[in-house]
Amino acid sequence: MIDANAYRFHQSGPNRLETECVPTTFTSLMHGSFTVSIKIFVGMELHTGHVVTPEEAQGHAAVAAQLAATAVARLLDWGNAPSGAAKAFKDYTEQILKKSYPTYGYQVQNCHGL
């Protein structure tokens, strides 16, 4: 389960919110435990005039990360190697955020690879 409190956004520029690197630990019977860390960015003021609050971004990020983590865990259970887990987790989280909130401009990056 993803802890929503881990995705605390802070202002990092005049119109930008970001998280610190947030670790997520995966455990697989085939591969043991390993950690993947991502950082999420979003603009604060959208072209629609809506201002994104840190709390709003935190909720979005936590839900997206939980869905992405569930998908990656299934890939690992099906025998996929953990070397692709960091990219998959980053990509799935970003895709979910972009599809769910297309006007927000969310970006996700890996903090370190496997």
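### Concerning the overall build of the protein
Reasoning step 1: In terms of helices and strands, the protein carries two helices and five strands.
Reasoning step 2: Mapped from its N terminus to its C terminus, the protein presents α and β elements in the order β-β-β-β-α-α-β.
Reasoning step 3: For 114 residues, the compact-globule estimate of 2.2 N^0.38 gives 13 Å, and the protein sits close to it at 14 Å.
Reasoning step 4: With the principal axes as the frame, the protein shows a C-alpha extent of 50 × 25 × 20 Å.
Reasoning step 5: Residues classed as buried in the protein amount to 40% of the 114 residues present.
Reasoning step 6: Sequence-distant contacts in the protein: of pairs separated by 6 or more residues, those separated by 24 or more amount to 61%.
Reasoning step 7: Accessible surface computed for the protein: about 6200 Å², of which carbon and sulfur atoms make up 54%.
Reasoning step 8: The positive charge centre, built from 8 side chains, and the negative charge centre, built from 9, are 7 Å apart in the protein.

### As for the confidence of the model for the protein
Reasoning step 1: Residues at a pLDDT of 70 or more form 98% of the protein, whose mean pLDDT is 90.
Reasoning step 2: Between the elements of the protein, mean pLDDT differs from a low of 88, seen in strand S3 (residues 22–28), to a high of 97, seen in strand S2 (residues 16–18).

### Focus on the side chain of Ser37
Reasoning step 1: Within the secondary structure, Ser37 sits in strand S4 (residues 32–43).
Reasoning step 2: Assessed through its relative accessible area of 7%, Ser37 is described here as buried.

### Quick notes on the state of the cysteines
Reasoning step 1: In total, this model carries one disulfide according to the counting rule given.
Reasoning step 2: Note that Cys21 is cross-linked by a disulfide to Cys111, the S-S spacing being 2.1 Å. Residues Cys21 and Cys111 share a disulfide whose torsion about the S-S bond is about -100°; that sign makes it left-handed. One end of the pair, Cys21, is in the loop between S2 and S3; the other, Cys111, is in strand S5 (residues 107–112), with 90 residues separating them in the sequence.
Reasoning step 3: A residue is classified by how much of its surface remains accessible, and Cys21, at 40% relative accessible area, is partly exposed.
Reasoning step 4: Accessibility expressed as a relative area gives 24% for Cys111, which makes it partly exposed.

### So, the environment of Pro23
Reasoning step 1: Tracing the backbone through its elements, the reader meets Pro23 in strand S3.
Reasoning step 2: Considering only alpha carbons, one finds Pro23 and Asn110, 87 residues apart in sequence, at a separation of 10.0 Å.
Reasoning step 3: Non-local contacts of Pro23, meaning those with residues more than four positions away in its chain, are made with Thr35, Val36 and Ser37.

What counts as what
- Every chain is numbered on its own, with residues counted from 1 as its sequence reads.
- Whole-chain, interface and lining totals are the exception, using all residues; otherwise, since this is a predicted model, local features are given only for residues with pLDDT of at least 70 and side-chain atom pairs are given and counted only at 80 or more.
- No hydrogens and no water enter the side-chain calculation; it runs on all heavy atoms of the structure.
- A run of H or I in DSSP becomes a helix once it reaches four residues, and a run of E becomes a strand once it reaches two; helices and strands are each numbered from the N terminus.
- Here the radius of gyration uses the C-alpha set of atoms, whereas the globule reference equals 2.2 Å times the residue count to the power 0.38.
- Under the scheme applied here, a residue whose accessible area is under 20% of the maximum for its type counts as buried, over 50% as exposed, and between as partly exposed, the area being computed with a 1.4 Å probe on protein chains only.
- We call two residues contacting when some pair of their heavy atoms lies within 4.5 Å.
- Residue-level accessible areas treat just the shown protein chains as cover; the underlying method is Shrake-Rupley with a 1.4 Å probe.
- His residues and chain termini do not enter the charge count, which takes Lys and Arg as positive and Asp and Glu as negative.
- Charge coordinates come from a single atom per side chain, which is NZ of Lys, CZ of Arg, CG of Asp or CD of Glu.
- Summary of the metric used: pLDDT quantifies the predictor's per-residue confidence within the range 0 to 100.
- We call a pair of cysteine sulfur atoms a disulfide when they lie within 2.5 Å.

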